[in-house]
Amino acid sequence: MKYFSLFCLVLLFGLQACVKTEFDAPPVSESCTKSATISIADLKASHSLGQEELIAAGTVITGVVAADDASGNFYRNIILQDETAGIEIRFNVTDLYNEFPVGRRLTITCDSLILSDYNGVTQVGEIQEAMISTRICKGEQGLVVEPITVTMDQLDASYISRLIKLEGVEFAGGSAGVNYADAVNLYSVNHVLEECGTENEMLVRSSGFATFASAKTPVGSGSIVAIYSVFGSDQQLYIRDLNDVDMEMDRCDGTGGTGLTSLNEDFQSGADNEDIALEGWSNIAVKGTRLWRGKEFSGNIYAQATAYNDTSPEMETWLITPALDLSVEKTLNFQSALAFWTHDGLSVWISTDFTGFNFASATWTELNCTVAGQSDANYDYVDSGLIDLSAYSGTAYIGFKHIGNPTDGTTSYIIDDVVVEDK
Amino acid sequence: MNKFYSLLLLLFLPILANAQLLLVEGQVLDAETNQPIVGALVSTTIATAVTDAAGSFEMELAADVTKIDLVITADAYLPYSMEVTITNSDVKSLGVISLSADPNAVSSGNQQIPTLVLSSEDLEDSDNRNEDISGILASSRDVFISTSSYTFGALRFRVRGYDSENTTILMNGIPMNELENGRPYWSTWGGLNDVTRNQETDFGLGAIEYTFGGIGGATNIDTRASNQRKQFSVSYAISNRTYRNRLMATYSTGLKPSGWAFSFSGSRRWAQEGYAPGTFYDAWSYFASVDKKFNDNHSLNFTAFGTPNKRGKDGAAVQELNDLAGTNYYNPYWGFQNGEKRNSRVGHSHQPVLMLRHDWNIGEKATLTNTVSYQFGSNGGTALDWYGARDPRPDYYRYLPSGTEPEFADEVANILANDEAARQIDWDYMYNVNYNSLETVYDVDGISGNIVTGLRSKYIVEDRRYDSKELNWSSIYSNPIGDHLTLNAGLSYQVYEGDNYKLVDDLLGGEFYMDINRFVQRDFPDDPAKWQNDLNNPNRILYEGDRFGYDYASHIRKGNAWAQGVFNFRFLDVFLAGEVSQTTFWREGKVQNGLYPESSFGNSEKQEFLNYGVKGGVTYKINSRNFLYVNGGYLTRAPYFRNSYLSPRVRDEVVDGLTSTKIQSVEGGYILRGATIRARATAYWTVFQDASEVMSFFNDEELTITQIVNNVEESFGVTAGFVNYALTDIDSKHQGVELAFDWTVAAGLSLRGVAAVGRYQYTSRPTSVIINESDPGLFDPVKKTVYQQNFFIPGTPQSAYSAGIRYEGKGYWSVNLNANYFDDIYIDFNPNRRTEEAVASLSPESPQFASIIDQERGDAGFTADFFGTKSFRFNDIGLYLTVGVNNIFNNQTIKTGGYEQLRFDFANQDPTTYPARYYYYYGRNYFISLSFRL
């Protein structure tokens, strides 16, 4: 036992040595005290369009981030502005918003960076990853960047890369109520923005990589906040995200309102066995992967949802109408049918705060209506009755919700002839 | 199979034969203390025996011998040899033989061996392909093996170029090779040097008494307390290798008259920073063994041990960063946090082993050993994961001067060269990003209206776990029958369940993380179901300690039966051995993946393999000192779980044409066991066929694949993400010669030389399949032929030479000097670069073509090592000092290996876009140990 105690004693010595493997959380990075040597306007003025210039030693600018790449509409660049002007700062890295979010003051040492332009937009760059820590001094956060309210007539080169606000504007006919950009093929898309009461118009350009690319442009009029830019002789605007767009008023000509004044959808433009993809409509899989599909029977095309033979354990899919203008009281009517009843899976909902993009966060209220049920024969249409929507006002969307599963929720539900008209 | 059964029959037939035997017996004692020496090896040219707890041995010889040369060796004792003349009797008793302590021996055995320099990567990292088996072989008494493992181990020398799964390591008869990949993990008992010293090691294809073994041979470690040398010892060592300090204590009682024996051992090895920067090391070990000898026929042993350990890893680096850092030991895995070095890749494991062993002497000579064991615990390694933020790894190619806009390359190079923090991970940056990442998540856990707002971490540390549970049973039977035959046989059954998943280890200042796949989210932005790693818990919020990403079990069952007959005749030893095994494995998905809802969840189809092996050999004894031998074998081996599933993390699809590997091997040579010179010369030839391999890598750029379908060329991109890469039909050939001698020139002075000259090459053009985990549309993709025939097997010197001189002084000291030369070290290559697509439209004569295709060979290297010992004795207390210095001339430019990145820049066909990463041999390094024993 003597040796055993000794043995234990020796091992106790081993316990004493310390290998540090736990670490304190570092503090929030400190604010910057460095100051600018030149205003952004003066720096931009030192540039001759079409040239590339090395920025002189000792050049420091400071400003507040007016636009970042959080939504993906800006890529590898941010817009920095001071009281005099705004400028595009280019990087070779992505996800800059984590360090340089809108509202953060940055002081940038520009020595030997390159001042250049791209189709009329002056840029500073290109800051490489390793240069971030040596050149960018990160200051306070949460500063408010107020856009300058202007009219289209006022926008000239001095506003390039500044955050501006236009009031009394709307998306032109073909540009209203459509996707901001092409999220499938990842293409950027230009939309036309008109100024009410003038002949002025300019482009709103959005990237296919933007998180809001598949959201719908509003159909009403109102205001837009954006970074002003040019592409050669084209004037164009880049929004930072959808919060920059507030167009809920009637259109400029007083007609149209903020949504369709009537709807009569018979789905005949769809195709058999293809997911419904109607202009202005949303077709969303919440659970599982299946969507509402077009189905054809004797020349009639209708929308159908089913979990029959689904490989996902659960299915929930929504078919949502385009925006509806409820400024005049409306009614809803549609036809529903089912095939091979095993469960009740169809319900109808309305939302007045859905925007075509915010499905999960929007508020949905179920509408009381008649839909096909267990006692109905397969494929026999059941009339919904006239559903009064007068309890709702403003802009609204109607959603047809189907839930099911491949074991005991396999009923196929069908809808057709969705009609919204004045009460 | 018929052939196999008739072979088995052949094997057992000789049992019926009977012949006259001669029994040689004796007892081996310490000359000074008269205590029995346990585990001494008594060898003659035709048989060997090991002394038991009483120091006694018995050896059976064919009765027709008239004269034998007997050599007795034991750790820490001077060898003893005698010539025995046999008169006409059944029993030859040699009485007491006393051995003198070797004044230069430190404590014993492998403590004399300088600790092998292994990069910490070698220890437990299951991802690492360069496991080192030489440490295991260091205790071998074979002159080639013991010498080559001393001096070559540090260069990741693999004997005959074999991977470690070709060597079977057993402990008390239980196979310790990990069932998922076949590799033994020496670290399972790392730090227990004192109590794992009783090893039997057999190299190559020869007869083995305790297992059929792999073509590389086998080792059986005996942990019984009664076989541990009676001692209390403490040692402390300092080093500048993977650890800085080692404290070790062992207490063994030996077999007490009551029939009990106890043995305890414990150690700690630690370093705040090892040789490579940013690599901490903290490894503990504990061991307890209890024996109860009930009578001469029955004894029981219970052994329990474990080695909880944690260490910061060292990653292979691109040369560009090594050059910027001014050292070849640049380690990309660490960075400063609050001014302190923190490693992002922390490996850790603790897999305790419990064993119960029963030894039964049946009748006069037969023995039966039964062991059951249970091993369980955790195994893992951390890494960074991120979402919606830039790549935090400092060696990401776009952050290096070569990946930078040319006009800023100099500035970037300057920053990286002069600011250490800039070329390492920036922990403070990651924390600060997480501090600012306020986000609202909707429909949390798939519940409508369930909203969580908080700091969603953009960067986390994840812990990739491969825990396991394993229940084993083994039975080994040995029976010398008649004069000329010894029969050995064994059975074993193993049940294994691996638990593979990821944990959120550290949210780095954020409040939660989410269980969604960011690559799928990017590829299918409008389809949230697909993003889900766990469809049954969509949009799951994760906190520290939560499982996420993937979660599957690997189930493996393996049953094995083997038998061996060894026939000893006067001039000839012949043996024949056979093995049959049944392996069953399957994958059990614990979560349903959004991309693969049909193939990710539940039990997969079972994969079953019936395998067999046969081997045999003949040794011709020219006389008692000179032998010629030849051995050969053929065996099939079930594919390993790790090399069977295309994307095991997310689904259960197996590689196409999954089949057993076929191995043929022949070796033959000459052995000299003279009084002053020992030597061996061997030639070998081994062929592996139909092996498969699954690799995975993180691809951060788009990889364009071009294929020709119906004569139309189509290109498409494998988008960035986690990519799996499967190779099938891999054949290889290993051939070469091994030469070694150990010559005592004069009293105290000896010379040693060893040469291993091999050529290990691939001999087939395997088929490759690349699959992106986050894009199932790319499944059933292009199969490509990999033109790697005649490429060299990487990661080991194919030629290695060493010459050494040893002098033992009169005052209990010794010095050794070795000079070593290594050549033909090849860098692991990217199969994707050896395809038609990689060189499409290039002229085979162009330098660009060659730069894509050619395999990189490391430079030859020269090193010199010193090893010295000094011992003191004060009454019963022994004090032992050893000093080892490796790479005396501080050669820091020897590449011990490396690998090309698995990405390839198909667009520009430029192999330098993603350069290879290298490991370098440590510069001058030392190990100094002081121990005392009583």
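Residues numbered from 1 in each chain as written. Chains lettered and ligands numbered in written order. Predicted model: local features only at pLDDT ≥ 70, side-chain atom pairs only at ≥ 80, totals over all residues. Heavy atoms only, no water.

**Student:** Would you explain the overall build of chain B in this entry?
**Tutor:** What chain B contains, in helices and strands, is 10 helices and 50 strands. Counting every position in chain B, which comprises 934 residues, the buried fraction comes to 62%. Across chain B, contacts joining residues at least 24 apart in sequence account for 71% of those joining residues at least 6 apart. Roughly 34700 Å² of accessible area belongs to chain B as shown, and the carbon and sulfur atoms make up 53% of that amount. (Helix = DSSP H or I, 4+ residues; strand = E, 2+ residues; numbered from the N terminus. Buried < 20%, exposed > 50% of the residue type's maximum accessible area, 1.4 Å probe, protein only. Contact = heavy atoms within 4.5 Å. Areas by Shrake-Rupley, 256 points an atom, 1.4 Å probe, with all protein chains shown as cover.)

**Student:** Before we go on, may I ask you to explain the state of the cysteines in this structure?
**Tutor:** All names here are of chain A. A full pass over the atoms with the stated rule returns 2 disulfides over all chains. Bridging Cys 32 to Cys 137, the disulfide has an S-S length of 1.9 Å. Between Cys 32 and Cys 137, the S-S dihedral sits near 110°, and the bridge is therefore right-handed. With Cys 32 in the loop between helix H1 (2-16) and helix H2 (40-45) and Cys 137 in strand S8 (residues 136-138), the pair connects residues that are 105 residues apart, well separated along the chain. Residue Cys 137 is classed as partly exposed on the basis of its relative accessible area, which comes to 22%. A sulfur-sulfur distance of 1.8 Å marks the disulfide that ties Cys 196 to Cys 252. Sign of the S-S torsion, about -50° for the bond between Cys 196 and Cys 252, identifies this disulfide as left-handed. (Disulfide = S-S within 2.5 Å.)

**Student:** Looking at this model, I keep getting lost on the domain arrangement of chain A. Mind explaining?
**Tutor:** A common way to report how large an interface is uses the accessible area buried once the components associate. Residues and elements named next belong to chain A. Annotation of chain A at the domain level lists domain 1 (40-138), domain 2 (148-249) and domain 3 (263-422). The C-alpha-based centres of domain 2 and domain 3 are spaced at 32 Å. Of the roughly 500 Å² buried at the junction of domain 2 and domain 3 (both faces included), carbon and sulfur atoms supply 59%. The largest per-residue losses of area from domain 2 upon contact with domain 3 belong to Ala 215, Lys 216 and Leu 242, which jointly make up 57% of the total buried on that side. Along the contact surface separating domain 2 from domain 3 lie 0 salt bridges. Scanning the region where domain 2 abuts domain 3 turns up 0 residue pairs in polar contact (both at pLDDT 80 or more). (Domains from an automatic or database assignment. Buried area = accessible area lost by both parts, 1.4 Å probe. Salt bridge = Lys/Arg side-chain N within 4 Å of Asp/Glu carboxyl O. Polar contact = N/O pair within 3.5 Å; in protein donor to acceptor, adjacent residues only side chain to side chain.)

**Student:** Honestly, the confidence of the model for chain B in this entry has me stumped. Any pointers?
**Tutor:** As a general rule, the predicted coordinates of low-pLDDT regions are not to be interpreted in detail. Residues with a pLDDT of 70 or more make up 87% of chain B, whose mean pLDDT is 84. Confidence drops under a pLDDT of 50 for residues 1-19 of chain B, and excluding neighbours within four residues, the segment shows 25 contacts in the predicted structure. (pLDDT = per-residue confidence, 0-100.)

**Student:** Would you mind showing me how to read the nonpolar core here?
**Tutor:** Soluble globular proteins: nonpolar side chains tend toward being buried together. Residue and element names in this part refer to chain A. Counting 42 residues, the largest nonpolar core has Ile 61, Ile 89, Phe 91, Phe 100, Ile 108 and Ile 127 as its most contacted members. The contacts of Ile 89, once residues within four sequence positions are left out, are Ile 61, Arg 76, Asn 77, Ile 78, Leu 80, Ile 108, Val 124 and Ile 127. Listed in part, the 31 residues of the second largest apolar core include Ala 305, Phe 334, Val 382 and Tyr 413. (Core = buried A, V, L, I, M, F, W, Y, C linked by side-chain atoms within 4.5 Å.)

**Student:** What is the right way to look at the interface of chain A and chain B in this model?
**Tutor:** Tallying the contact residues gives 53 residues for chain A and 58 residues for chain B. Of the roughly 4900 Å² buried between chain A and chain B on both sides combined, carbon and sulfur atoms contribute 60%. Here chain A is connected to chain B by 4 salt bridges. With a closest N to O distance of 3.7 Å, Glu 340 of chain B and Lys 20 of chain A form a salt bridge. Mapped onto the side of chain A that touches chain B, the elements with two or more residues apiece are H1, strand S7 (121-127), helix H3 (129-135) and strand S17 (282-287) of chain A.

**Student:** Help me out: how do you make sense of helix H7 (residues 427-435) of chain B in this one?
**Tutor:** Three or four residues apart is the spacing at which side chains of an α-helix point the same way, because the helix has 3.6 residues per turn. Residues and elements named next belong to chain B. Burial within H7 is extensive, with 7 of its 9 residues counted as buried. Listed as buried for H7 are Trp 427, Tyr 429, Met 430, Tyr 431, Asn 432, Val 433 and Asn 434. The N-cap residue of H7 is Asp 426: its side-chain oxygen and the backbone nitrogen of Asp 428 are 3.4 Å apart.

**Student:** Quick question: what am I supposed to make of unusual backbone geometry here?
**Tutor:** Leaving glycine out, the prevailing phi sign among residues is negative, and the prevailing peptide bond configuration is trans. Looking along the chain, the bond that leaves Gly 125 of chain A and enters Glu 126 of chain A is cis, with omega of -10°. Within the element layout of this structure, Glu 126 of chain A appears in strand S7. Even without a glycine there, the phi angle at Asn 119 of chain A is positive, about 50°. Position of Asn 119 of chain A among the secondary structure elements: in the loop between strand S6 (114-118) and S7. You can call Asn 119 of chain A partly exposed: its relative accessible area is 33%. A positive phi angle, near 50°, is found at Asp 443 of chain B, a position not held by glycine. For Asp 443 of chain B, the location among the structural elements is in the loop between strand S25 (438-441) and strand S26 (452-455).

**Student:** Quick question: what am I supposed to make of the packing of aromatic side chains here?
**Tutor:** Two numbers describe a pair of aromatic rings. These are the distance of the centres and the angle of the planes. All chains considered together, the criterion is met by 42 aromatic pairs over all chains. Ring geometry for Tyr 762 of chain B versus Phe 829 of chain B: centroids 5.8 Å apart, planes at 85°, classification edge-to-face. Placement of the pair is Tyr 762 of chain B in strand S41 (residues 749-762) and Phe 829 of chain B in the loop between strand S45 (813-825) and helix H10 (847-853), with a sequence separation of 67 residues. Since its relative accessible area comes to 13%, Tyr 762 of chain B is described here as buried. Every member of this aromatic cluster is reached through a ring pair, and the members are Tyr 550, Tyr 552, Phe 585, Phe 609, Phe 641 and Tyr 645 of chain B. Lying over the aromatic face of Phe 23 of chain A, Lys 20 of chain A brings its terminal NZ or CZ to 5.6 Å of the ring centre. (Phe/Tyr/Trp six-rings, centres within 6.5 Å; stacked < 30°, edge-to-face > 60°. Lys NZ or Arg CZ within 6 Å of the ring centre and 35° of its normal.)

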